[in-house]
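Structure assessment
Letter by letter, the chains look like this.
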Amino acid sequence: MSEDEHTHTETRDEPLDAEHAARRRLALAQIRQYPDPVLRMRAHEVDEFDEDLRRLAERMIALMQDASGVGLAGNQAGVLRRIVVMQPDPEADAFAVVNPVIVEQGDGRESDEEGCLSLAGVLAPVERATTVRLEGRGIDGEHVSLELDGLAARVAQHELDHLDGILILDRTTKEARREALARLRPQPVLER
């Protein structure tokens, strides 16, 4: 997921110097893009908490940060494992949650624009719970329970949707979906 200057989405909107812009382009090239079929697949539970999982989490965090993102799911990295990484607060450390589950949602709901690192250039309104309790495991297998609100709650819901093959296209209005799909449709190249 990203953060735009006017909206809460999947990428951060920061001025990019040439080096950062190049790192961002390289990271986005490694993140699966719509309509890649892996984005529509359900990720599998993780049952081994080993060095491979630790390396995957580190790789995903690096990809998310280089892409100026605030969240990334296993599917987006081309791995059908139930792992998400998040960094909704740029002042806090990024973290991974394995086999995440939202066990409780608050009553409050809010619609806001979301973007996605796998849907380049698309913003769509999505209604989400404003508070959630997220449970899962850390990369070493320890129990994790997080009370999240605001942007962090939105990011968690967005990333868990990815693990179930659900995109913001599935959660937005018909009109916004139509506009997003038109934007994602390959454009013809006209030769002179």
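Residues numbered from 1 in each chain as written. Predicted model: local features only at pLDDT ≥ 70, side-chain atom pairs only at ≥ 80, totals over all residues. Heavy atoms only, no water.

Topic: the nonpolar core
Rules: In plain words, nonpolar cores are sets of buried Ala, Val, Leu, Ile, Met, Phe, Trp, Tyr and Cys residues tied together by side-chain atoms within 4.5 Å. For each residue, the accessible area found with a 1.4 Å probe, counting protein chains only, is set against the maximum for its type, and the residue is called buried under 20%, exposed over 50%, and partly exposed in between. Counting from the N terminus, the helices are the DSSP runs of H or I reaching at least four residues and the strands are the DSSP runs of E reaching at least two. Only heavy atoms matter for contacts: two residues are in contact if any of them lie within 4.5 Å across the pair.
Grouped together as the largest cluster of nonpolar side chains are 20 residues, with contacts concentrated most on I31, L53, L56, M60, L72, I83 and V85. Mapped onto this core, the elements with two or more residues apiece are α2 (51-66), β2 (83-86) and β3 (95-105). Residue contributions to this core peak at seven residues, all from α2. Setting aside anything within four residues of it in sequence, one finds V85 in contact with A57, M60, I61, M64, V70, G71, L72, F95 and A96. V97, A129, V155 and L160 belong to the second largest nonpolar core, which has 18 residues in total.

Some remarks on the pairing of strand β6 (residues 131-137)
A regular strand carries its side chains on alternate faces of the sheet. The line we're drawing: For two strands to be treated as a pair, DSSP must find at least two bridges joining them.
Summarising the sheet, β3 and β6 pair through five bridges and their orientation is antiparallel. Paired with Q105 across the two strands is V132, which belongs to β6. Sheet analysis places β6 next to strand β7 (residues 143-149), joined by seven bridges and oriented antiparallel. Counterpart to E135 in the pairing with β7 is S145.

A few points about the environment of H158
Stated formally: We call two N or O atoms a polar contact when they sit within 3.5 Å, provided that within protein one can donate a hydrogen and the other can accept it, with sequence-adjacent residues counted only if both atoms are side-chain atoms.
Mapping H158 onto the fold places it in helix α3 (residues 150-163). Considered as a pair, H158 and L72 are 86 residues apart in the sequence and their alpha carbons are 9.1 Å apart. A polar contact is formed between the side chain of H158 and the side chain of E114, at a distance of 2.8 Å.

Observations regarding the sheet that holds β6
Basically, it comes down to this: Helix axes use the C-alpha atoms of the stretch in contact, all axes being lines fitted to C-alpha atoms, and the angles between their N-to-C directions lie in the range 0 to 180 degrees.
Strand order in the open sheet formed by five strands is β1-β2-β3-β6-β7, with antiparallel pairing between adjacent strands. Each edge of the open sheet carries a strand with a single partner, namely β1 (71-73) and β7. On average, each strand axis in the sheet is tilted by 40° relative to the strand beside it, whichever way the strands run. Contacting β1, β2 and β3, α2 runs over the sheet at an angle of about 40° to β2.

Observations regarding unusual backbone geometry
Most peptide bonds adopt trans geometry, and most residues besides glycine take a negative phi value. The peptide bond linking Y34 to P35 adopts the cis configuration, its omega dihedral lying at 10°. Despite not being glycine, S68 has its phi angle at roughly 60°, a positive value. For S68, a relative accessible area of 4% corresponds to the buried category. Backbone geometry at N99 places phi at a positive 50°, although glycine is not the residue there. Turning to its location among the elements, N99 is positioned in strand β3. For N99, a relative accessible area of 13% puts it in the buried group.

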